[in-house]
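Summary of structural features
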Amino acid sequence: MMSNGKFWIDEDEKELVLSDGTGESRFIIEDDLVIDGVKYLIIVDARAGENADATVVKIINEGEEEIIIPVEEKEEFEKVQAAYLEDME
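The following refers to the structure shown. In this text, all values refer to a predicted model and were calculated from it rather than measured experimentally.

**Remarks on the side chain of Asp-10**
- In this structure, Asp-10 sits in strand β1 (residues 6-10).
- A polar contact of 3.2 Å, which involves the side chain of Asp-10, links it to the backbone nitrogen of Asp-12.

**What about the sheet that holds strand β4 (residues 38-45)?**
- Read across the sheet, six strands follow the order β1-β2-β3-β4-β5-β6 without closing on themselves; strand pairing throughout is antiparallel. The open sheet has two edge strands, β1 and β6 (65-70), and neither has a second partner. On average, adjacent strands in this sheet sit at an angle of 35 degrees to one another, irrespective of strand direction.
- Judged from the five bridges that link them, β1 and strand β2 (residues 15-19) form a sheet pairing that is antiparallel. Paired with Ile-9 across the bridge in β2 is Leu-16.
- Along the sheet, helix α1 (residues 74-88) makes contact with β3 (24-35), β4 and β5 (55-62), crossing β3 at roughly 80 degrees.

Quick notes on the rules
Residues numbered from 1 in each chain as written. Predicted model: local features only at pLDDT ≥ 70, side-chain atom pairs only at ≥ 80, totals over all residues. Heavy atoms only, no water. Helix = DSSP H or I, 4+ residues; strand = E, 2+ residues; numbered from the N terminus. Polar contact = N/O pair within 3.5 Å; in protein donor to acceptor, adjacent residues only side chain to side chain. Pairing = 2+ DSSP bridges. Axes fitted to C-alpha atoms, helices over the stretch in contact; angles between N-to-C directions. Contact = heavy atoms within 4.5 Å.

Written as structure tokens, this is what we have:
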């Protein structure tokens, strides 16, 4: 879904922008967290409306460039979710 393309953070809009060469997708950044030295973003598709499910992604360095990958492992997802809920309190 997100591996081959560029991404950047639109600081003004608090959005993650993914570009795959043919177009851009925008995701609202609900929160960003650093856990065990890894940066995670909790994002929601900007076009999906208010009942959209949030997705957790992480930003990792691969050589010189940063890549963004979805968090699919349940334990890791729950760890991020717990940290996010703590942040909200």
